[in-house]
Every structure is written in C-alpha cells, then in structure tokens.
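Notes for the structure review
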Amino acid sequence: MRRSGTLARQVLLVRVGRRDGELRGVTDALPEPRYSDRPRRRYGLQRFHRTRIEAIAPISPAVGPATLVEAPAADGPAATVVPLLPGERTMARRMKFALVNACTLASLVLGINAIFVAMQGDVRLAAFLLIACVAFDGLDGALARKLGVSSPFGAQMDSLADMCSFGLAAPVVVYASLAGEVPTAAAAVAAALVAACAAIRLARFNVSPQDGRFFCGVPTTMAAAVLALMVVIGLPVPGAVQIAGVALLAFTMVSSFPYAKLARLVKLPPWVWLAPVIGALIDVRLTFGVIVVGYLISGPVLWLHQRRTI
C-alpha cells in the first residue's frame, strides 16, 4: 500500500507539474529529485524524464577563468571566446606578441628543415639545426615572460612547434645517424619510441599542473638537445648501446621522476661547474656522457629522497 501510494503521488505530481509547465510555456517536466535516482522502468517514467544538453565550448587548460569572454551567438546561447592576446590590445603589445610567435615559428621551420637535411644525408647539419630549434624554443618563452605577452595561443603554438621540432625532427635525425650502424628495424623502433614519448609528454604537460621547481620527466627540449649533441659529437660507442641510450632517454620523458630545471642548475656554486669545464677540455665526449648519465640518474634519486621525507 505504501509503495502504490508513493507511485500515485509521484504520477500525480508529474502530471500536475506538466500541466502547470504547459500553462507557463514550458514543455519539459521532471519528477521530484528524491525519485531521480530510482530505476525509471519501475515506475514507467521514461517519457517524463528528459534532460537538456547544453553546448559546451572547449577551454584550453592553460586558460584561467578570468580570461574568458562571453560573445553573443546568433542562433543559440552565448559562446565562450578565448582571446589570442589577453589584456590591453595596443600596437606595441601586438608587435611584441608577433615577435614571440615569430620565434616559435622559427623553431618549427628549423625543425622541418632539419628533416629535409637529414633525408639528404647531412646528419651533422641537421643536428645543428635541432640545436638552433632548442635555442629558439627557449627564447620565445623568455621573451613572452619578459615582454608580458604570455597567452593561451602562444602556449598552444609552442606545444605544436615542439612536436614538430622535437617529436618529429629529432627522431628523423636519430634514425639517419643510426641507419648505417644498426639494423634498420632497430633504428626505426628507437625513432618511433622517441616520437611517441614526446607526443605523450607534450599532451600531459598541457593538462597537468606545473611545478616551479622540477620537471616531471625529462622535457622534450632537453631530450632533443641531448640527441642532437650526441650526433654532433659522435660518441664512440657501439650501435646497440646507442639504441639503448635513445630508448632510455625516450622513457625518461614520460616518467614521473622529478628533474631539476635549468634555472636551479644555474644557481649552483661556481666550483660545481669547474669540473665539467675542465673535463670538456680533456675529453668532450666522456664529459658529455657523464653529465647526461648523471642528470638521468638524478631523477630517481630525487624521487627516492622525496618519498623518504614524506
């Protein structure tokens, strides 16, 4: 009796609410919230339970709520618009904004040319072009912060340019440098692994909160710089060791180990930099290998240290 009474009350409420809604110009009527979590088939309320789907505009994770602008739409609700350059839109700021994005485009163009040069067989020149990509990639971010023209558009442009230069050009250069020393299949797998891990890292970077002290994994810029310097210097190691090193570097990009940022490394005491300088004067290749291996090991060491201190 209680169950049938509940059903009768609910149907009565739904019908009365629907009738009131029709009188007010509303066509949709929903049951009371306390009945919304019950199985709809039990009471036969499929025809009464209808939901409205609102259009949701995609929002970049790099954009804060304060930078969104509501623009009126002609045939629907207001659309959310993300301005390319938040803030005051003066000619001076637009020129600064164009300069920063020109550096980003320069990195992208240099990456494309590195691919073309590597395909023609000049691997060392392609590696130098990659190093130039790294320089322009660091320059656009520094200029954006210094000139005060950081924007969501610039962040997305930088991510796309990084994928072209460091996610595609760097694997092509690595493949061209390893093709004559190792089996073609092994070189192709190593290059594809670098490209896949770079894409995963860049996508994760766009949607993850940033830590001002450490990188979460080795950044793609630094990985590309290591690969380019490895080609330029010409490390005298067997091809199998080079394949293993490339694979290890690729996996560190998608790892969760904390790696110190360059700004923290620059603040180290001057005597710490004396050893690499002296080592480079004695043997550049050995010093380069020791520095790279030491930096890769520092991530797991910092991770273990953080776990012990928690």
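Here is what the cut-offs are and how they apply
Residues numbered from 1 in each chain as written. Predicted model: local features only at pLDDT ≥ 70, side-chain atom pairs only at ≥ 80, totals over all residues. Heavy atoms only, no water. Phe/Tyr/Trp six-rings, centres within 6.5 Å; stacked < 30°, edge-to-face > 60°. Helix = DSSP H or I, 4+ residues; strand = E, 2+ residues; numbered from the N terminus. Buried < 20%, exposed > 50% of the residue type's maximum accessible area, 1.4 Å probe, protein only. Expected span 1.5 Å × (residues − 1). Lys, Arg positive; Asp, Glu negative; His and termini not counted. Salt bridge = Lys/Arg side-chain N within 4 Å of Asp/Glu carboxyl O. Contact = heavy atoms within 4.5 Å. Bend = angle between axes of the 7 residues up to and from the residue. pLDDT = per-residue confidence, 0-100. Patch = residues over 30% accessible without salt bridge, like charges linked within 9 Å, V, L, I, M, F, W, Y side chains within 5 Å. Areas by Shrake-Rupley, 256 points an atom, 1.4 Å probe, with all protein chains shown as cover. Core = buried A, V, L, I, M, F, W, Y, C linked by side-chain atoms within 4.5 Å. Axes fitted to C-alpha atoms, helices over the stretch in contact; angles between N-to-C directions. Parallel < 35°, antiparallel > 145°, perpendicular 65-115°, else oblique. Left-handed = near helix turned anticlockwise from the far one by under 90°. Nonpolar A, V, L, I, M, F, W, Y, C, P; charged D, E, K, R; others polar.

Some thoughts on the packing of aromatic side chains
- Applying the stated rule across the entire model yields three aromatic pairs.
- Between the aromatic rings of Phe257 and Trp303, the centroid separation amounts to 5.8 Å while the plane-to-plane angle is 70 degrees, which identifies the pairing as edge-to-face. With Phe257 in the loop between α8 (239-253) and β4 (258-260) and Trp303 in helix α11 (residues 284-309), the pair connects residues that are 46 residues apart, well separated along the chain.
- For Phe257, a relative accessible area of 26% puts it in the partly exposed group.
- On the basis of relative accessibility, which here comes to 33%, the residue Trp303 falls in the partly exposed class.
- Between the aromatic rings of Tyr259 and Tyr295, the centroid separation amounts to 5.2 Å while the plane-to-plane angle is 35 degrees, which identifies the pairing as tilted.

A closer look at helix α3 (residues 91-119)
- Along its 29 residues, α3 runs 42 Å from first to last C-alpha, staying within 8% of the 42 Å computed at 1.5 Å per residue.
- Where α3 ends, the next residue or the one after it, Gly121, has phi of about 105 degrees, a positive value.

Concerning the side chain of Arg201
- Positionally, Arg201 belongs in helix α6 (residues 184-207).
- In this structure, Arg201 is buried with no salt-bridge partner, the nearest side chain bearing the opposite charge being Asp162 at 8.5 Å.
- Those residues in contact with Arg201, other than ones at most four positions away along the chain, are Phe215, Cys216, Gly217, Val218, Pro219, Thr220, Met253 and Val254.

A look at α11
- With 26 residues, α11 should cover 38 Å at 1.5 Å per step; its first-to-last C-alpha distance of 37 Å lies within 8% of that length.
- The sharpest bend along α11 measures roughly 25 degrees and falls at Ser298, with the proline Pro300 sitting one to four residues further on.

What about the side chain of Thr104?
- With respect to the element layout, Thr104 can be found in helix α3.
- With relative accessibility at 2%, the residue Thr104 sits in the buried group.
- Setting aside anything within four residues of it in sequence, one finds Thr104 in contact with Asp140, Met157, Asp158 and Ala161.

What to know about the confidence of the model for the protein chain
- On average, residues of the protein chain score 77 in pLDDT, and 72% of them are at 70 or above.
- Here helix α2 (residues 40-43) stands out as the element of the protein chain with the lowest mean pLDDT, 44, in contrast to α3, whose mean of 93 is the highest.
- Here residues 11-68 scores under 50 on pLDDT; set against residues more than four positions off or in separate chains, the count is 48 contacts.

So, the environment of Leu265
- Position of Leu265 among the secondary structure elements: in helix α9 (residues 262-266).
- Dropping the residues within four chain positions of it, Leu265 is found in contact with Ala260, Trp273 and Tyr295.

Some points on the environment of Gly121
- On the secondary structure map, Gly121 appears in the loop between α3 and α4 (123-147).
- Here Gly121 falls in the exposed class, since its relative accessible area comes to 53%.
- For the pair formed by Gly121 and Ala176, sequence separation is 55 residues and the distance between their alpha carbons is 7.2 Å.

What about a nonpolar patch on the surface?
- The grouping of Leu274, Val277, Ile278, Leu281 and Ile282 at the surface amounts to a nonpolar patch, some 540 Å² of accessible area in total.
- Of note, Leu281 is situated in helix α10 (residues 270-282).

A closer look at the nonpolar core
- Grouped together as the largest cluster of nonpolar side chains are 43 residues, with contacts concentrated most on Leu130, Val173, Leu227, Val246 and Met253.
- If we skip the residues at most four places from it in the chain, Leu227 touches Ala170, Val174, Val194, Val246 and Leu249.
- The next biggest cluster of nonpolar side chains, apart from the first, holds seven residues, and it includes Leu85, Phe97, Val100 and Ala144.

Looking at the packing of helix α7 (residues 220-233) against α11
- Running from amino to carboxyl end, α7 crosses α11 at an angle of 160 degrees, the nearest separation of the two axes being 11 Å. Considered as vectors, α7 and α11 are oriented roughly antiparallel to each other. Crossing geometry of α7 relative to α11 is assigned as left-handed. The segment α7 lies against α11, with Met222, Val226, Leu229, Met230 and Ile233 engaging Val284, Arg285, Phe288, Val292 and Tyr295.
- A class-by-class count of the residues in the contact of α7 with α11 yields nine nonpolar, no polar and one charged.

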